[in-house]
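Close look at the chain arrangement
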Amino acid sequence: MTDNSRLPLAVFDLDGTLADSAHRQRFLERKPRDWDAFFAAAPADPPLAEGVALALRSAEDSEVVYLTGRPERCRADTVAWLAAQGLPEGRLWMRPDHDRRPARQTKLEMLKRLARTRDVRMLVDDDLLVCDAAEQAGFPVVRARWADSSPAMKDAQGPQGRT
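Owing to the predicted nature of the structure, the values given are computational and were not obtained by experimental measurement.

Two elements in contact, helix H4 (residues 103-115) and helix H5 (residues 128-136), have axes whose closest approach is 9 Å; the angle formed by their N-to-C orientations is 40°. Classified by the interaxial angle, the pair formed by H4 and H5 is oblique. Considering only the axes of H4 and H5, their crossing is right-handed. When H4 is examined against H5, the residues Ala103, Arg104, Lys107, Leu108 and Leu111 are found in contact with a partner set consisting of Leu129, Val130, Ala133 and Ala134.

Printed below as a string of structure tokens:
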């Protein structure tokens, strides 16, 4: 048995990185945005082959962990989805249910916390603002550019930072 606590961390985002959320982005085009419906539809996300392959390769020499902007209330569905895709088991950090801060803040905060005790080998994320913030803080970043985002999703990631 391998002692994962000695391995560097490979940190993976979910939506737009491992999970194809395109089918539920329509809920963000409404005014007001229907965040409950957006997250409730997540169990039906198809996997993104490029992201899944990278996570599986990363598990060979890193501990794979997950860092998402999804709210904590989605934990059971998210854990089941990860297992159904055959993704590596790993710790899952989620946004507290009522935390509305931008993902670039919440994710960077968690990355810094992780880096206090572990080497963060890479962050894999599709959110440009999260990637920029992580790079500026000195973290190695792989920009997940293998999924399409709607203008509503880009707006939600940008000014709102909710994903």
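Looking now at the pairing of strand S1 (residues 9-12). The two faces of S1 match: Leu9 and Val11 on one face and Ala10 and Phe12 on the other face are all buried. Across four bridges, S1 lies against strand S2 (residues 63-71) in parallel orientation. Residue pairing across strands places leucine 9 opposite glutamate 63, the latter belonging to S2. Of the pairings in the sheet, the one linking S1 to strand S4 (residues 120-125) comprises four bridges and is parallel in character. Within S4, the position partnered with alanine 10 by the bridge is methionine 122.

This part takes up the nonpolar core. The nonpolar side chains of soluble globular proteins are, as a tendency, buried together. Ranked by size, the top nonpolar core spans 26 residues in total, and within it Phe12, Leu18, Tyr66 and Leu87 carry the most contacts. Of all the elements in the fold, those that place two or more residues in this core are S1, helix H1 (35-40), helix H2 (49-58), S2, helix H3 (75-84), strand S3 (92-95) and S4. Looking at which element gives the most residues to this core, the answer is H1, with four residues. With near-sequence residues (within four places) excluded, phenylalanine 12 lies in contact with Thr17, Leu18, Gly51, Leu54, Ala55, Ser58, Val64, Val65, Tyr66, Leu67, Met122 and Val124. Val11, Trp93, Leu108 and Leu111 belong to the second-largest nonpolar core, a separate cluster that totals 18 residues.

Cut-offs used in this document
- Residues numbered from 1 in each chain as written.
- Predicted model: local features only at pLDDT ≥ 70, side-chain atom pairs only at ≥ 80, totals over all residues.
- Heavy atoms only, no water.
- Axes fitted to C-alpha atoms, helices over the stretch in contact; angles between N-to-C directions.
- Helix = DSSP H or I, 4+ residues; strand = E, 2+ residues; numbered from the N terminus.
- Parallel < 35°, antiparallel > 145°, perpendicular 65-115°, else oblique.
- Left-handed = near helix turned anticlockwise from the far one by under 90°.
- Contact = heavy atoms within 4.5 Å.
- Buried < 20%, exposed > 50% of the residue type's maximum accessible area, 1.4 Å probe, protein only.
- Pairing = 2+ DSSP bridges.
- Core = buried A, V, L, I, M, F, W, Y, C linked by side-chain atoms within 4.5 Å.

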